[in-house]
Amino acid sequence: MSGYVVSVRELCKEYSGGFTALDRINVDLPYGQIIGLLGPNGGGKTTFIKILAGLLTPTSGSVEIGGYAPGVESKKIVSYLPERTYFNSWMTVKECIGFFEDFYEDFDSRAAKEMLNTLGINIDAKLKTLSKGTKEKVQLVLVMSRKAQLYLLDEPIAGVDPAAREFILKTIISNYNSNATVLISTHLISDIEQILDSFVFINQGKIFARGSVDSVREEKGMSLDEFFREVFRCLPNC
């Protein structure tokens, strides 16, 4: 599949009180890539992802996802992992699976159950009995078990131990459809750069750099994490 799954033009998002979260962003995200949306906390990553997920309305500018403006049609092709767990603690893992089955036609419950079984997670267990890392795994498995065109993962490795991070990255790769795009928001660049095809650096609502990870290594002779530190060292409030 060629072309762009996301096209954004002059995107702005302002909150009450005059705070500008996104400031005239222009960016295209191609199909078939794992892309890092990278920047310091508070830089605009979550706001951008929520707009793509259809949870926030832009103040101005245009957004297209698979040719659709954010809404009912775009949500059919977008699978979103929020920064925080949204399932009720009294729910069992099986009930969470049922929730996804009811809401998403493209959800593959068999694939989800196979991954959970591989992890040794009991689908009859209540979420309140699970560790934070295990809850993160359950939610990621559900999100990645949809046959979406765009996966939006907001801080999928924050707050979990290194072993859990390794599993999460492997899950993303093993369930990655080569025709789909995965957009991963994180500030933990060194942990995730090995799976990325390209990157977008964002801070204070502006995009400061974007490109392929390989070009950074080949042309600049440094890791993406090193390049990030170099770029943001020269910027205010970083």
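In what follows, the accompanying structure is described. (Residues numbered from 1 in each chain as written. Predicted model: local features only at pLDDT ≥ 70, side-chain atom pairs only at ≥ 80, totals over all residues. Heavy atoms only, no water.)

Quick word on the pairing of strand 9 (residues 206-212)
Relative to strand 9, strand 8 (residues 198-203) runs antiparallel, the two being bridged by six bridges. The residue of strand 9 that forms the bridge with Phe-201 is Ala-209. Counted between consecutive antiparallel strands, the loop separating strand 8 from strand 9 contains two residues, among which Gln-204 sits at a positive phi close to 50°. (Pairing = 2+ DSSP bridges. Helix = DSSP H or I, 4+ residues; strand = E, 2+ residues; numbered from the N terminus.)

Focus on the pattern of salt bridges
Between side chains of opposite charge, pairing is possible as soon as their charged atoms come close. Inspection of every chain in the model, using the stated rule, returns 11 salt bridges. Here Glu-73 makes a salt bridge to Lys-76, at a shortest N to O gap of 3.3 Å. Note on Glu-73: relative accessible area 36%, which makes it partly exposed. Across the pair Glu-193 and Arg-217 runs a salt bridge, and its minimum N-O distance is 3.7 Å. With Glu-193 in the loop between helix 7 (189-192) and strand 8 and Arg-217 in helix 8 (residues 213-220), the pair connects residues that are 24 residues apart, well separated along the chain. The class of Arg-217 is partly exposed, set by a relative accessible area of 35%. The network of salt bridges with common partners includes Asp-23, Arg-24 and Lys-206. (Salt bridge = Lys/Arg side-chain N within 4 Å of Asp/Glu carboxyl O. Buried < 20%, exposed > 50% of the residue type's maximum accessible area, 1.4 Å probe, protein only.)

Details of the nonpolar core
Phe-201 and Leu-224 are the most contacted members of the largest nonpolar core, which totals 52 residues. With six residues, the single largest contributor to this core is helix 5 (residues 132-144). Residues contacting Phe-201, with those up to four places away along its chain left out, are Leu-38, Lys-206, Ile-207, Phe-208, Ala-209, Leu-224, Phe-227, Phe-228, Val-231 and Phe-232. (Core = buried A, V, L, I, M, F, W, Y, C linked by side-chain atoms within 4.5 Å. Contact = heavy atoms within 4.5 Å.)

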